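Coordinate inspection notes
As a plain string of letters, each chain reads:
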Amino acid sequence: MIQVENIRKEFELTKKQQKENNTKDKVALAVDDVSFECQPGRIFSLLGPNGAGKTTTLRMLAGILKPTSGSIRINGIDIQKNPNEAKKDIGFLTGSTGLYERLTANEIIEYFSKLYGVSREDYEERKENLYTLLGMHDFQDKRIGRLSTGMKQKVSIARTMIHDPKVVIFDEPTSGLDVITAENIIKLISDCKTQGKTVIFSSHIMSEVDLLCDDLAIIHKGTIVHRSSMHEFRENMQTNSLTAEFIRVINENN
Ligand SMILES: Nc1ncnc2c1ncn2[C@@H]1O[C@H](COP(=O)(O)OP(=O)(O)OP(=O)(O)O)[C@@H](O)[C@H]1O
């Protein structure tokens, strides 16, 4: 379970950033008073246009960024008070997940499984399942530096899942992937739900959200402008498609 209460994130702007953003403000407010809950066995989608605050929010949930104010609890554990404990339960996938270019996929997956204290038996079994699902056997011994963007994304996903986290946070999980791999990621996310994990992912692809999610929040300019179950969202639509409805909600809050 993820419980988010009134989180806010201000970034201090450098002189250069002030110039680039054409502002005299010393801080930029990226996330403003955001609250929501993600339940185990359900998939929550954080939707929003570019620059809405999705990545910033997810990075705070994963304990990588500190909120300026507000609180986040992962399975009841306050991530700011007990970061190490809370992070044991989290798998976080982001486009900027760093991979050591000189290591192979196998070396990276093994390294992270040891870091999380995964037993040899569990490691072998999970690795085999993930490699099969993601189609990773062919390049498992190649150095990361020689892999394509999509292959690197697969290694990042396997790395995120090797310790079998109870809470899974995916920042635009299918971005940059071919349709076959994207389908496999969708299957992986849906399997997480079956296994009773708490899943949150960010996206701006409505078809993906439609396929997967149980609950959604739409974020715009750092603020939550809609929050409901997917069922309620569909029931109350004022337009004839999910994409049109997403755009309508955004425009209404411009
Ligand atoms: N380190 C930073 N310093 C200053 N401003 C930042 C920083 N990181 C993000 N921002 C600003 O915070 C806002 C939210 O950014 P964020 O990356 O969370 O958006 P997003 O919804 O993930 O966008 P996208 O869909 O384009 O990835 C943007 O206005 C962005 O410019």
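Read on for an overview of the structure. Fair warning: this is a prediction, and the values are worked out from it, not measured in the lab. (Residues numbered from 1 in each chain as written. Predicted model: local features only at pLDDT ≥ 70, side-chain atom pairs only at ≥ 80, totals over all residues.)

**Quick look at the environment of Thr-160**
Within the element layout of this structure, Thr-160 appears in helix α6 (residues 149–161). Residue classification places Thr-160 among the buried residues on the basis of 22 C-beta atoms within 10 Å. Sequence-wise, Thr-160 and Phe-170 are 10 residues apart; in three dimensions their C-alpha atoms are separated by 9.2 Å. Non-local contacts of Thr-160, meaning those with residues more than four positions away in its chain, are made with Gly-91, Phe-92 and Leu-93. (Helix = DSSP H or I, 4+ residues; strand = E, 2+ residues; numbered from the N terminus. Buried ≥ 20, exposed ≤ 12 C-beta atoms within 10 Å, placed from the backbone. Contact = placed C-beta atoms within 7 Å.)

**With respect to the site of the ligand**
If you check the shell around the ligand, you find Phe-11, Gln-17, Ala-28, Ala-30, Gly-48, Asn-50, Gly-51, Ala-52, Gly-53, Lys-54, Thr-55 and Thr-56 and nothing else. Elements with a minimum of two residues in the shell around the ligand: β2 (27–38) and α2 (54–61). With three residues, the single largest contributor to the shell around the ligand is α2. Considered class by class, the residues forming the shell around the ligand number four nonpolar, seven polar and one charged. (Near = placed C-beta within 6 Å. Nonpolar A, V, L, I, M, F, W, Y, C, P; charged D, E, K, R; others polar.)

**Overview of the sheet that holds strand β4 (residues 69–74)**
Across the sheet, four strands lie side by side as β2-β1-β4-β5; this open sheet has antiparallel pairing. Edge positions in the sheet fall to β2 and β5 (77–78), since each has one partner strand and no second. Pairing of β4 with β5, which is carried by two bridges, proceeds in the antiparallel orientation. Among the inter-strand pairings, Arg-73 is bridged to a residue of β5, identified as Asp-78. Across the face of the sheet, α2 comes into contact with β1 (2–12), β2 and β4 while running at roughly 120 degrees to β1. (Pairing = 2+ DSSP bridges. Axes fitted to C-alpha atoms, helices over the stretch in contact; angles between N-to-C directions.)

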